[in-house]
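# A look at the structure
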Amino acid sequence: MITPDEIVAELRRLRATDAPTHGGRILSYVYDSGLAAVDRLAADAAALVQPVNGLDPTTFGSVAAIERDLISFSRTAFGSSDAVGSITSGGTESCVLAVLSAREYTRTPAGAGNVVVPSTAHAAFDKAGKLLGVTVRRVPVDPTTTRADVDAIAGAIDEDTILLVGSAPNYPTGTLDPIVELGDLALRRGVGLHVDACLGGLALAWWPTPLPDWDLTVPGVTSLSADFHKYGYAPKGASVLLHTDRDRHRAAFFATTDWPGYPVVNPTLLGSKSAAGATAAWAITRYLGEAGFTRLVADIAATAGRLVDVVGGIDGLRVVGDPTGPVFAVAADPDAATPIDPHRWADEVAARGFTLQPQPAYVQADESTLAASTHLTITPVTSAVVDELSHALRDGADTARGLERSVAPAALRELAAAFDSGAVSVDDALTLDSASTEAVLVGAGIDPHTDPSDAAGSLDLSAVIAAIESLPKPVTAKLLAEFLAAYSNPAP
Ligand SMILES: *Cc1c(COP(=O)(O)O)cnc(C)c1O
């Protein structure tokens, strides 16, 4: 019989194939405080509540106490002494619940309402729209500043609008939307305004330089989401959704006694649920306190400022817009003698030991384009490697300068041409079954059944991004879904 030790050893071998989660080598996905004590504390806290069911805080009183403390902490962080809310499993769940709350509060039937968001808003709102039968209107942002365009948002509101969204800051470029102006618009038009601070809310709350108002203090803001598993440094599985109005909070609850089992009262999407994420987040907020967050955020701000300067000094690249907070994006500088492709640059920086995140160009509804870019998430641990990283950014740029953009695999270029010429329609592509869709991927050299331990290494990410830019978006989405479904299932 296999022993527990052997199983753990096997898990260690699997974990060795992962991107490094500590040490500042990957500038997305993970938010490393750089403090070993924080990670140990989170693990101890999560282990202690491992058997608990977060479904019922009246049976498991620790769950209620922890949620109360986290809400209280969040009230202080986001400027409201009486906001109410729920602890969720993550940013997506918080955003889905914000939309559900707006739909229920306004008594809008599924299929009827719309949510108006800047085009830089997180894709979680599209997911909310799909799940809840709400149309999401992505309104073009200014392509230079990447800030939400308040007049354009005003123009997209109609009598079916149930919610506006602003980001503080947005994920793609780290820009802080004009929340005060959006709040004013929301009040004038009588709709709710959700501030999506999932990414950086817990950093902006202690940002060392003055910022325009962006939180629950802004008139017109009706809800705000922030992820503990990002700049709260908690393991994945904890976010908060706060409402300024108790009825808006209650509107998203699901409660029923109309079945023969126990009374069901769910503030969030899950039924039985782990208490681990929330409890680890709670322990970390207790340990760091406001002073700890302030210190870590000062460190992030200094490092982000340095790296923005480094990129600003590289001929051929530019920082996109005017980022506020802990993340920013880098694009080709079209005014340079030799603009640098940001994805080639990311490849070269990866060869020097740091993984950045490529983002495709995005054509907005008004045909203006948000440039292809590379995203950097700065965390407290980044300061420990900032010299080496700065060197990699500069040196990688010197090698990438003059390299052509990557092109999509030949089979996908042919497919893109077939869409352009009208030989194939998007509807045709969307009716392909799973086996035929997989055949398209394999034909393009993207075989989801290659050995998982070397599949990641053999994927040319720049080429995949090039394919994403050239194919119709619903088709790319279908191909990506097929890839991931097959990749995380056993080979047939
Ligand atoms: C990460 C993020 C989300 C979604 O959060 P998940 O925790 O990944 O589900 C939503 N909005 C913004 C701005 C984010 O950065």
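Everything quoted here is computed from the prediction, not taken from an experiment.

What counts and what doesn't
Residues numbered from 1 in each chain as written. Predicted model: local features only at pLDDT ≥ 70, side-chain atom pairs only at ≥ 80, totals over all residues. Heavy atoms only, no water. Near = heavy atom within 4 Å. Polar contact = N/O pair within 3.5 Å; in protein donor to acceptor, adjacent residues only side chain to side chain. Areas by Shrake-Rupley, 256 points an atom, 1.4 Å probe, with all protein chains shown as cover. Nonpolar A, V, L, I, M, F, W, Y, C, P; charged D, E, K, R; others polar. Domains from an automatic or database assignment. Buried area = accessible area lost by both parts, 1.4 Å probe. Salt bridge = Lys/Arg side-chain N within 4 Å of Asp/Glu carboxyl O. Helix = DSSP H or I, 4+ residues; strand = E, 2+ residues; numbered from the N terminus. Axes fitted to C-alpha atoms, helices over the stretch in contact; angles between N-to-C directions. Parallel < 35°, antiparallel > 145°, perpendicular 65-115°, else oblique. Left-handed = near helix turned anticlockwise from the far one by under 90°. Contact = heavy atoms within 4.5 Å.

### Notes on the site of the ligand
Near the ligand you find Gly90, Gly91, Thr92, His122, Tyr171, Asp196, Cys198, Leu199, Asp227, His229 and Lys230, and these make up its full shell. Between the ligand and Thr92, the relevant distance is 2.5 Å, taken from an oxygen atom to a side-chain nitrogen or oxygen of the residue. Taking His229, its side chain carries an N or O atom lying 2.7 Å from an oxygen atom of the ligand. Summarising the interface, the protein chains cover 85% of the accessible area of the ligand, which totals 370 Å² for the free molecule. Grouping the amino acids of the shell around the ligand by side-chain chemistry returns three nonpolar, five polar and three charged.

### Overview of the domain arrangement of the chain
Considered domain by domain, the chain is made up of domain 1 (40-285), domain 2 (290-400) and domain 3 (410-487). Here the C-alpha centroids of domain 1 and domain 2 sit 27 Å apart. Interface area, domain 1 with domain 2, both sides summed: about 2500 Å², of which 68% is carbon and sulfur. Counting across the interface, domain 1 meets domain 2 through zero salt bridges. Linking domain 1 with domain 2 are eight residue pairs in polar contact (both at pLDDT 80 or more). Of all the elements in the fold, those that place two or more residues in the side of domain 1 that touches domain 2 are helix 3 (61-77), strand 3 (135-139) and helix 8 (201-204). Counting residues per element, the side of domain 1 that touches domain 2 draws most heavily on helix 8, at three residues.

### Quick word on the packing of helix 11 (residues 342-351) against helix 12 (residues 386-400)
Relative to each other, helix 11 and helix 12 sit at 125°, their axes nearing to 8 Å. Overall, the two elements helix 11 and helix 12 adopt an arrangement that is oblique. Crossing handedness for the pair helix 11 and helix 12: right-handed. Residues Arg344, Trp345, Glu348 and Val349 of helix 11 form the contact with helix 12, whose own contacting residues are Ala392, Leu393, Gly396, Ala397, Thr399 and Ala400.

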